[in-house]
Structures are given as C-alpha cells and as structure tokens.
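Reading the structure
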Amino acid sequence: MNTFAAAAQSPFDPETNRIGRVLCFTAHPDDVDFGAAGTIAAWTATGVEVSYCIMTDGDAGGFDPDQRDEIVRLRSEEQRRAAALVGVTDIHYLHQRDGYLEPSHEVIREVVRLIRRLRPDVVLAMHPERNWNRIQKSHPDHLAVGEAVTRAVYPALENPFAYPELAEAGLAAYKLPWLWLFAGPEERENHFVDVTDHLDSKLAAIHIHVSQHPDVEAMERTVRGLMLRTAQRGGLAEGRSAEAFHVVTVNGPGTIAGF
C-alpha cells in the first residue's frame, strides 16, 4: 500500500509501522465506504483484519417513504454486502438513533469496551472537527463519532479505573498505538493513501448502498473527482486516486503516562 505524507508530516511510516488489526467507527451504514473503503481494501489484501462498528442503524436515511419500515434491515444488508467486497465480515452496531447521536458516557463506554476486546493497532474514525469546505462530510452524527472515539482512546481506554465494570468483566486497559481520522478539515490531513489499485472495489462497495443514492451516476462522478483532487493535495502523480487521513500517535516511543 503506497502512502504519502503531506507537508505536515505524518507520524506513520508504513515501512516501519506494521498493522495487523484495525477497528473502524462510523455513524451510519455507508460512511466507511465513502471515507476509507479503498484503504480498507488495501489493508485486507495484505492480511490485515478489519472490523467495523457502526454507531447508528441509519434509520433516518434513504429517500423512499415506502421503505421506512424496512430501512434498518435494508441498510444493514447493504453494509454487510459492501463490507464483504473490501474483505470485511466483522460488523458491530451500537444501535443509537440516527440523527441523535451524542458523545455520551453510554457511547464512550461501548467504544472502550469494543477496543479493549479487539485490541487493534489502528482505530479509524470520523473526524471530530467540522469540514467547512464540504459540510456534508460533517453530519452531526459524524462529529459525535469522532468526539466519542477521541475521548475513549484517551484516557478511558488505557485507564483501568475508567468504567471499572469493564475491567471487572475481564477487559483490561489497553494502550492504542494509532488513531486515524477521516472526513475532517483538509488542513488537518497529514497522511494520504494511494488507492488507485482498489478504486473499483471502493466504488463497487458504495454502489451497494442503493437506498442512499437517488442519482448513482452523479454520486460516482463526484467520488471519482474528489479522490483525484485528494491525490493532488497529497502530491501523487496525475491520474492517481487517494484517501486522506489525520493520523495521530496515541502511544508511541516517546509517550509516557499522562503526556
């Protein structure tokens, strides 16, 4: 997987930092496919284990009023099929109400619970900061995911006395190495992944979410254009496609307790 750092250098060096397991947090079914499915396809192609946690059921999504009674089932099935196209079969839901998600202690505790159980090398999540250049990336539920996950990974995740019922259940505190955030402000981007070789898989995954796309051709045209421009921002060659991330070192060689 080819990665490139922006001017604000990425702390992650794929030549020296190895990834074996990734846990992705998003707000709705389809968020992860728009934001990171190319990178996920590249990871799974090399044997990385990737799991999804989707915080809501996407019950407020869609455009067809006749689908209201079926929308949760439809979106769950769409996400299952889309995930399989990029090598993911392990999908978790927190079953929060779509449009009402908040970074509450109930949600944070469940985030900590799942990270402690799976103990990934990377947690990938939506960014807690609003993107004013493309505000559609910053649905309030997206921001809530980013805030809940960021609060969870430090300090609660690594503090054995935070949510003590988790430790009592055998879920020991865990120091996460990396937090990768997506769909945030462009000025926060510091890591670009060339996903040109996995673009078809990403688009195929997005196409599965038919309940969410009233104009499929416009959707694909927009996604292709955004990925070309992302690659340009990352300094990739003309015609390449990329996904961008804000990579944060949570626990690295220079990290000490509380600093």
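Residues numbered from 1 in each chain as written. Predicted model: local features only at pLDDT ≥ 70, side-chain atom pairs only at ≥ 80, totals over all residues. Heavy atoms only, no water.

Our focus in this paragraph is the overall build of the chain. A count of helices and strands for the chain gives seven helices and eight strands. Taking 18 Å as the expected radius of gyration for a compact globule of 259 residues, we find that the chain reaches 18 Å, a close match to that expectation. Here the chain holds 259 residues, and 51% of them are scored as buried. The distance from the centre of the 25 positive side-chain charges to the centre of the 37 negative ones in the chain is 2 Å. (Helix = DSSP H or I, 4+ residues; strand = E, 2+ residues; numbered from the N terminus. Rg over C-alpha atoms; globule rule 2.2 N^0.38 Å. Buried < 20%, exposed > 50% of the residue type's maximum accessible area, 1.4 Å probe, protein only. Lys, Arg positive; Asp, Glu negative; His and termini not counted. Charge placed at Lys NZ, Arg CZ, Asp CG, Glu CD.)

Of all hydrophobic cores here, the largest spans 69 residues; its most connected members are F25, I40, W43, M55, V149 and W180. Looking at this core element by element, the count peaks at seven residues for helix α3 (residues 105–118). Those residues within four positions of V149 in sequence are excluded, and the remaining contacts are F25, M55, V111, V123, A125 and L179. (Core = buried A, V, L, I, M, F, W, Y, C linked by side-chain atoms within 4.5 Å. Contact = heavy atoms within 4.5 Å.)

Take unusual backbone geometry next. In the segment running from Y154 into P155, the intervening peptide bond is cis, with an omega of 5 degrees. You can see P155 is positioned in the loop between α4 (140–153) and α5 (164–168). Backbone geometry places H95, a non-glycine residue, at a positive phi of 60 degrees. Along the chain, H95 falls in strand β4 (residues 90–96). Phi at R119 is positive, roughly 50 degrees, even though this residue is not glycine. Relative to the helices and strands, R119 is located in the loop between α3 and β5 (122–126).

This next bit is on the packing of aromatic side chains. This structure, assessed with the given rule, holds four aromatic pairs. With 5.2 Å between their ring centres and 55 degrees between their planes, W180 and F245 make a pair best called tilted. In this pair, W180 sits in strand β6 (residues 178–182) while F245 sits in strand β8 (residues 242–249), placing the two residues 65 residues apart along the sequence. Residue class for W180 comes out buried when judged on its relative accessible area of 0%. With a relative accessible area of 1%, F245 lands in the buried category. Among the aromatic residues, ring-to-ring pairing joins F12, W43, W178, W180 and F245 into one connected group. Here the guanidinium or amino end of R97 rests over the ring plane of Y100, the centre of that ring lying 3.8 Å away. (Phe/Tyr/Trp six-rings, centres within 6.5 Å; stacked < 30°, edge-to-face > 60°. Lys NZ or Arg CZ within 6 Å of the ring centre and 35° of its normal.)

On to helix α7 (residues 216–233). The end-to-end C-alpha distance of α7 is 26 Å, a good match for the 26 Å that 18 residues give at a rise of 1.5 Å each. By the burial criterion, the buried members of α7 are A218, M219, V223, G225, M227, T230 and A231. Directly beyond the C-terminal end of α7, a positive phi value near 80 degrees is found at G235. (Expected span 1.5 Å × (residues − 1).)

Attention now goes to the side chain of H246. Tracing the chain through its elements places H246 in strand β8. Not counting the four nearest positions on each side in its chain, H246 is found in contact with H127, L179, W180, L181, R188 and N190.

Moving on: the state of the cysteines. All chains considered together, the criterion is met by zero disulfides. Between C24, a free cysteine, and C53, which holds the nearest cysteine sulfur, the sulfur-to-sulfur gap is 10 Å. By relative accessible area, which is 1% here, C24 ends up buried. (Disulfide = S-S within 2.5 Å.)

Shape is all these values report; function is a separate question.
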